[in-house]
Amino acid sequence: MDNLHPIIHAAGAEERLPDWAVMSPARIRHAGRVGELMGDWAEALGRDAATRIRWRAAGFLHDALKEAGVEALRPLVNGAEEWPDALLHGPACASRLRQAGVDDEPLLRAIAFHTTGHRDLGALGQALYMADFLEPGRPASAEERAGLRRRVPDDWHAVLVDVATAKIGVLIDALIPVSAVTAGFWEAITAPR
């Protein structure tokens, strides 16, 4: 046995969602592609079987509440007023997993901050941040995204910066304020190493 929480094991090993998930078939396909990419990267990094399941689970579960109504998400999120409605699904999903007994803080942080990034993301969280953006089902800039996917895991940090640059650039181009969390993530990944 891999000692993973049953929800995490079911999601990562069987692509089985918890009964509280609210996802359309298209969203489930997206999550499956993200999970598959995460599992591939974990394998390429030489991670053990339980870690590969865990990484796939993070990918498969990251949007589990993406299509739930804002009124259902806000009560799940401490400090919900600090989150734009469109980004509540990540911290709400992490909260719901925590309520179900999942205590894997790196996985919960990865899911909570998969859209914004966070200065405390480890490899799992960074992988989810990249995989959600780079999964092969996204039609925009398909060739560029495929090129970035091919560079992971060998050129991990450079791809992470490229993905953050693209995501933050979209915010800037749309005149959407960059959150303090995202700014802190950017500062952390671009600081001299």
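Look above for the structure.
Residues numbered from 1 in each chain as written. Predicted model: local features only at pLDDT ≥ 70, side-chain atom pairs only at ≥ 80, totals over all residues. Heavy atoms only, no water.

Here we look at the overall build of the protein
Within the protein, the secondary structure is distributed over 10 helices and 0 strands. Tracing the protein from N to C terminus, the helices and strands come up as α-α-α-α-α-α-α-α-α-α. For 193 residues, the compact-globule formula gives about 16 Å, and the C-alpha radius of gyration of the protein, at 16 Å, lands near that figure. Structurally, the protein occupies a C-alpha span of about 40 × 40 × 30 Å along its principal axes. (Helix = DSSP H or I, 4+ residues; strand = E, 2+ residues; numbered from the N terminus. Rg over C-alpha atoms; globule rule 2.2 N^0.38 Å.)

Focus: the nonpolar core
Core analysis: the biggest nonpolar cluster contains 58 residues, and Met38, Trp41, Leu97, Met130 and Leu134 have the highest contact counts within it. Of all the elements, helix 7 (residues 123-134) adds the most residues to this core, at 8 residues. (Core = buried A, V, L, I, M, F, W, Y, C linked by side-chain atoms within 4.5 Å. Buried < 20%, exposed > 50% of the residue type's maximum accessible area, 1.4 Å probe, protein only.)

Points about the side chain of Gln126
Positionally, Gln126 belongs in helix 7. Contact partners of Gln126, with chain neighbours within four places excluded, come to Leu121, Trp156 and Leu160. (Contact = heavy atoms within 4.5 Å.)

Observations regarding the environment of Leu107
Along the polypeptide, Leu107 turns up in helix 6 (residues 105-112). C-alpha of Leu107 to C-alpha of His62: the two residues are 45 residues apart in sequence and 9.7 Å apart in space. Leaving out residues up to four positions away in the same chain, Leu107 has contacts with Ile8, Arg54, Ala58, Leu97 and Leu124.

Regarding the packing of helix 3 (residues 49-61) against helix 7
At a minimum axis distance of 10 Å, the contact between helix 3 and helix 7 shows a crossing angle of 40°. Here helix 7 runs oblique to helix 3, going by the angle between their axes. In the crossing of helix 3 with helix 7, the sense of the turn from one axis to the other is right-handed. In this structure, helix 3 contributes Arg54, Trp55, Ala58 and Gly59 to the contact, and helix 7 contributes Ala123, Leu124, Ala127 and Leu128. By residue class, the composition of the contact of helix 3 with helix 7 is 6 nonpolar, 1 polar and 1 charged. (Axes fitted to C-alpha atoms, helices over the stretch in contact; angles between N-to-C directions. Parallel < 35°, antiparallel > 145°, perpendicular 65-115°, else oblique. Left-handed = near helix turned anticlockwise from the far one by under 90°. Nonpolar A, V, L, I, M, F, W, Y, C, P; charged D, E, K, R; others polar.)

Concerning the environment of Pro84
In this structure, Pro84 sits in the loop between helix 4 (70-73) and helix 5 (89-99). Classification of Pro84 as partly exposed rests on a relative accessible area of 46%. Sequence separation between Pro84 and Val70 is 14 residues, and the spatial gap between their C-alpha atoms is 9.9 Å.

A word on the pattern of salt bridges
Close approach of charged atoms lets side chains of opposite charge pair. Taken as a whole and assessed by the stated rule, the structure comprises 11 salt bridges. Between Glu135 and Arg33 there is a salt bridge whose closest N-O contact spans 2.6 Å. A residue pair is termed long-range when its members are at least 10 positions apart, and Glu135 in the loop between helix 7 and helix 8 (142-151) and Arg33 in helix 2 (residues 25-44) qualify at 102 residues. On the accessibility criterion, Arg33 (27% relative accessible area) is partly exposed. For Arg74, the salt bridge identified is with Asp85, shortest N-O distance 2.2 Å. With Arg74 in the loop between helix 4 and helix 5 and Asp85 in the loop between helix 4 and helix 5, this residue pair connects regions lying 11 residues apart in the sequence. Classification of Asp85 by relative accessible area gives partly exposed; the value is 42%. Put simply, Arg27, Asp63 and Glu67 are held in one network by salt bridges that share partners. (Salt bridge = Lys/Arg side-chain N within 4 Å of Asp/Glu carboxyl O.)

As for the packing of aromatic side chains
Scanning all chains against the criterion turns up 4 aromatic pairs. Taken together, a centroid distance of 6.3 Å and an interplanar angle of 70° make the contact between Trp41 and Trp156 edge-to-face. A residue pair is termed long-range when its members are at least 10 positions apart, and Trp41 in helix 2 and Trp156 in helix 9 (residues 156-173) qualify at 115 residues. No difference in accessibility class separates Trp41 from Trp156, as the two residues are buried. Grouped by ring-pair contacts, the aromatic residues Trp41, Trp55 and Trp156 constitute a single cluster. Sitting over the ring of Phe133, Arg145 keeps its end group 4.0 Å from the ring centre. Its guanidinium or amino end placed over the ring of Tyr129, Lys167 lies 4.0 Å from that ring's centre, counting from NZ or CZ. (Phe/Tyr/Trp six-rings, centres within 6.5 Å; stacked < 30°, edge-to-face > 60°. Lys NZ or Arg CZ within 6 Å of the ring centre and 35° of its normal.)

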